Structure formats: structure tokens, C-alpha cells
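Architecture at a glance
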Amino acid sequence: MNNPVLETILRRRSVRHFTEERLSEEDLNSILEAGRWAPSGHNHQPWRFVVVESSEKKDALAELTRYGKPIQAGAACVVVFLDTDVCYDRVKDAQSAGAVLQNMLLAAEALGYGAVWLGEILKNQDKVRSLFDLPESMDLQAVVALGRPKHRNQTSERRPLEELVLGRY
Ligand SMILES: Cc1cc2nc3c(=O)[nH]c(=O)nc-3n(C[C@H](O)[C@H](O)[C@H](O)COP(=O)(O)O)c2cc1C
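Described in the following lines is the structure provided in the data block.

1. As for the environment of Leu23
With respect to the helices and strands, the residue Leu23 is situated in the loop between helix H1 (4-11) and helix H2 (25-36). Spatially, the C-alpha atoms of Leu23 and Tyr113 are 8.5 Å apart, while their sequence positions differ by 90 residues. The residues touching Leu23, leaving out its near neighbours within four places in the chain, are Leu28, Ala75, Ala76, Tyr113 and Leu146.

2. A word on unusual backbone geometry
Positive phi values are uncommon outside glycine, yet His42 reaches one of about 55 degrees. Tracing the backbone shows His42 in the loop between H2 and strand S1 (47-52). At Asn43, a position not held by glycine, the phi torsion is positive, near 50 degrees. Position of Asn43 among the secondary structure elements: in the loop between H2 and S1. Overall, the presence of 7 C-beta atoms within 10 Å leaves Asn43 in the exposed class.

3. Some thoughts on the nonpolar core
Judged by nonpolar contacts, the single largest core of 38 residues is most densely connected at Cys77, Val80, Met104, Ala115, Val143, Val144 and Leu146. Listed by contribution, the elements that provide at least two residues to this core are H2, S1, helix H3 (55-62), strand S2 (76-83), helix H5 (90-110), strand S3 (114-118) and strand S4 (138-147). Discounting residues that sit within four places of it in the chain, Val144 has contacts with Cys77, Val78, Val80, Leu101, Met104, Leu105, Ala115 and Trp117.

The rules behind each value
Residues numbered from 1 in each chain as written. Predicted model: local features only at pLDDT ≥ 70, side-chain atom pairs only at ≥ 80, totals over all residues. Helix = DSSP H or I, 4+ residues; strand = E, 2+ residues; numbered from the N terminus. Contact = placed C-beta atoms within 7 Å. Buried ≥ 20, exposed ≤ 12 C-beta atoms within 10 Å, placed from the backbone. Core = buried A, V, L, I, M, F, W, Y, C linked by C-beta atoms within 7 Å.

Written out as C-alpha cells, the structure reads:
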């Protein structure tokens, strides 16, 4: 394969162990920009972000999921919400949030960082909102933990295409 976008998509793996290296402001902004340019129904852009870099807030956030280690170990994390005041369709808005999240994961990969999408924390969405003094209209979608990968030994599998493609007409 000789296409940088496709190579990034295939190379990306969830990274849960990070070095202590910080994310530069420029790279963090590029990752947020990649999220910002996700598609959304009617271009409503219902997503909102909280960026967490302080150890104090990362530790508090990590307490709210059993997958807290990557949050503590990562240099930063991005907490992604949907603003239900501007949402118009439950499924389509959630799909937009998914596009944001995947864009961020791919941007992180393209810039040499690692990232993991954390969803288990959704069970504590009230507590996450309180941690950042956010109103109930902010609907938690996921946390993305980010950092420089400690190693690149991650492996993953996918079902073969023959199982996924139901037909070609
Ligand atoms: C909706 C969603 C929720 C996820 N939640 C978690 C999580 O809470 N903790 C975790 O370690 N990984 C989580 N992941 C990452 C998946 O485990 C991972 O993407 C999957 O195993 C495939 O591995 P890969 O990303 O390395 O290809 C989540 C991914 C998605 C898309």
C-alpha cells in the first residue's frame, strides 16, 4: 500500500502505555482540529471537548473507569461530549461523535502519538460532568487518552471481509 491515509488507518492500534513525554501545544491542537473537521448531520457540529492535562484532573477522571491507567499515564486526554441542546437525532449525533473520535485517533497516529478510545467511563457520566462543572445537556461520548507510545507491540484482529460483506450486486 502506498497511501498515507490508508496506511495510518491500518497501522493505528489502541495504545494504553505511554512515555512521560508531553504533547506539544501544536500537536494537541492538530488532534483537536482533526476532531473539529469531522462530518455531522446538517453540519450541526454537536460535539464539545474538554482537554485534560493536569495530573490532578487526570487522576480524578481515572478514578471513574476501571480503564483509568491510560488516562493517568497519558500526557493528555480529550473528553468528548455531545451538546444535547444542539442535537437533532440520537443516532446521527452519536455517529458524528464517533467520526470525531476516529479522526482524533487517526490524527494522533499520524503525528506519532498513541491513543485509546475509552468508553467504559460512560457509566459515570454524571460524575464526569461534575468534575468539569458541566451542565446536564453535555452528554459524555468517550475519553481519548493520548501520549507517546511506550512500545508499539499492540496487535489486533478483524473478521475477514468475506464475513462482513453480505453481498455485491
Ligand atoms: C465505543 C468504544 C469503546 C471502547 N472502550 C474502551 C475502554 O473503555 N477501555 C479500553 O481499554 N479500550 C476501549 N476501546 C478500545 C477497543 O478495545 C479497541 O478499539 C478494540 O479492541 C480494537 O483494537 P484496536 O483499536 O487496537 O484496533 C473502545 C473502543 C470503542 C470504539
